[in-house]
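Structural overview
Below are the chains, spelled out letter by letter.
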Amino acid sequence: MIHKIGVLTSGGDAPGMNCAIRAVVRAGLAYGLEVYGVNDGYRGLVDDDIFQMDRSSVSDIVNRGGTILQTARLREFKEESVRQIAVNNLRKRGIEALVVIGGDGSYMGAKKLTEMGINCVGLPGTIDNDIASTDFTIGFDTCLNTIVECVDKIRDTTESHQRCAVIEVMGNHCGDLALFSGIAEGAEMIITPDHPIPEEEIFASLKKLHDAKKKRAIVIVCEKIYPDIHAFADKIGKATGFECKAEVLGRVQRGGAPSASDRVLAARMGAYAVDCLLSGKGGICIGIVNNKIVDYDIYEALSLPRDKHISMLRLIDILK
Ligand code: ATP
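Before going into details, it helps to say that this report is about the structure given with it. (Residues numbered from 1 in each chain as written. Predicted model: local features only at pLDDT ≥ 70, side-chain atom pairs only at ≥ 80, totals over all residues. Heavy atoms only, no water.)

A word on the packing of helix H1 (residues 17-30) against helix H9 (residues 260-278). Where H1 meets H9, the closest approach of the two axes is 7 Å, and the angle between their N-to-C directions is 40°. For the element pair H1 / H9, the angle class is oblique. The crossing of H1 and H9 is right-handed. Contacts between H1 and H9 involve Cys19, Ala20, Ala23, Val24, Ala27 and Gly28 from the former and Arg263, Ala266, Ala267, Gly270, Ala271 and Val274 from the latter. Its residues assigned to classes, the contact of H1 with H9 shows 9 nonpolar, 2 polar and 1 charged. (Axes fitted to C-alpha atoms, helices over the stretch in contact; angles between N-to-C directions. Helix = DSSP H or I, 4+ residues; strand = E, 2+ residues; numbered from the N terminus. Parallel < 35°, antiparallel > 145°, perpendicular 65-115°, else oblique. Left-handed = near helix turned anticlockwise from the far one by under 90°. Contact = heavy atoms within 4.5 Å. Nonpolar A, V, L, I, M, F, W, Y, C, P; charged D, E, K, R; others polar.)

To continue, consider the sheet that holds strand S6 (residues 163-169). Overall, parallel pairing links the 4 strands, which are arranged S7-S8-S6-S9 in an open sheet. Strands at the two margins of the open sheet, each flanked by one partner only, are strand S7 (189-191) and strand S9 (243-248). Each neighbouring strand pair of the sheet contributes to a mean axis angle of 15°, computed without reference to strand direction. One ladder, built from 6 bridges, connects S6 with S9; its direction is parallel. Of the residues in S9, the one forming a bridge with Glu168 is Val248. Docked against the sheet, helix H5 (residues 140-160) engages S6, strand S8 (217-222) and S9, running at close to 165° with respect to S6. Of the strands in this sheet, S6, S8 and S9 are in contact with helix H8 (residues 229-240), which crosses S9 at around 160°. (Pairing = 2+ DSSP bridges.)

Ranked by size, the top nonpolar core spans 59 residues in total, and within it Ile5, Val7 and Ile286 carry the most contacts. If near-sequence neighbours (up to four positions away) are discounted, Ile5 is found in contact with Val24, Leu33, Glu34, Val35, Tyr36, Ile95, Ala97, Val274 and Leu277. (Core = buried A, V, L, I, M, F, W, Y, C linked by side-chain atoms within 4.5 Å. Buried < 20%, exposed > 50% of the residue type's maximum accessible area, 1.4 Å probe, protein only.)

We now examine the sheet that holds strand S3 (residues 50-53). Spatially, S3-S2-S1-S4-S5-S10-S11 is the arrangement adopted by the 7 strands of the open sheet, whose pairing is mixed. The open sheet has two edge strands, S3 and strand S11 (292-297), and neither has a second partner. With direction set aside, neighbouring strand axes in the sheet form an average angle of 30°. The pairing of strand S10 (residues 284-289) with S11 spans 6 bridges and is antiparallel. In the strand pairing of S11, Val289 is matched with Lys292.

On to helix H3 (residues 80-93). Along an α-helix, residues three or four positions apart point the same way, because every turn accommodates 3.6 residues. A rise of 1.5 Å per residue sets the reference length of H3, with its 14 residues, at 20 Å; its end C-alpha atoms lie 20 Å apart and thus fit the reference within 8%. Turning to H3, its buried residues number three or more, namely Val82, Arg83, Ala86, Val87, Asn89 and Leu90. Along the long axis of H3, the arc covered by the buried residues comes to 160°, so they all point the same way. Exposed residues on H3 whose side chains face more than 90 degrees from its buried face are Glu80, Ser81 and Lys92. Among the structural elements, helix H2 (41-47), S3, strand S4 (97-102) and helix H4 (104-115) are those in contact with the buried residues of H3. Trailing H3 by a residue or two, Gly94 shows a phi angle of about 80°, which is positive. (Expected span 1.5 Å × (residues − 1). Arc of directions from axis to C-beta.)

Here the focus is the site of the ligand. Lining the immediate environment of the ligand, one finds 16 residues, of which Arg73, Leu74, Gly103, Gly105 and Ser106 sit closest. Within the complex, the protein chains bury 86% of what would otherwise be the 630 Å² of accessible surface of the ligand. If you map the ligand onto the pockets, it falls in the largest pocket. Broken down by element, the shell around the ligand gets its largest block of residues, 6 residues, from H4. Grouping the amino acids of the shell around the ligand by side-chain chemistry returns 4 nonpolar, 8 polar and 4 charged. (Near = heavy atom within 4 Å. Areas by Shrake-Rupley, 256 points an atom, 1.4 Å probe, with all protein chains shown as cover. 1 Å grid on protein atoms, 1.4 Å probe; cavity = no way out; pocket = protein on both sides within 12 Å on 5 of 7 lines; lining within 4 Å. Sits in = over half its atoms within 2 Å of the grid points.)

Just geometry here; none of it tells us what the structure is for.
Structure, rendered in structure tokens:
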């Protein structure tokens, strides 16, 4: 039976991380555990920046974006000697287990800490939805709604001026944000790593729309496909006749109050993570699959194919 657990956030921040922290703290306290917060992700473990949390430590945070525990990337955590410092700091305080909220890099750190004797459970906290072991990550839905709100606004002005807007959205190498926002917007074109379109085909389709006097065209593109999205928009302009502007939505996509859906997802996953630690599990990550909360071994999770929403790609072609 464990008595003390810790919680940290790591990697890129995502709306809903605070709800996940709250769920871990409140569930831990409900089961009679002592719960400790770790500031700055794995860096706080190494620097011993750890503090005890109570109910009020997580009051009034359900509606706040970002993470009250701050987050960080610590490259050196890949070295066993650095992780050993973290393990020593945890042992010194009697902390036996950890909940790590972050992306797949953070999962690797969690797995390796488990192998060194500290049971860890990973929660998928990332806007990118790039973790194969869960249908949805905490932060994806909020980010998607932010994108849709922004694109709605860009549409208005794009239509007034009869332009083409090329809008680059986040997602790292995962096209889900582009795919879902493109479908939600009825975009004329959606370009993702799973749905690349040859340039000639892009130009020809958009030229056809321009020649047919279409008032505007919206092209949603996943980041990291075009090295210079502004140069790509210029090329579209020259090839099609549309006045074409590129918009990079940028970090506005990471912030803001979490959506109701992300809050509920974070609450379900956070409470489940504590259940797992109480039953002695470690080296696992939590997901939601077909609306059921599930857990996977982290190595297995990281080896799964990232094709969970592949069937939605057909909508791009039949709804355009
Ligand atoms: P995001 O999806 O937002 O990028 P992430 O968790 O994937 O989040 P990373 O920067 O890849 O972000 O990883 C976060 C931290 O996890 C790293 O800074 C490092 O401290 C730790 N980490 C990553 N990979 C490993 C590894 N192989 N072994 C140990 N620790 C790791």
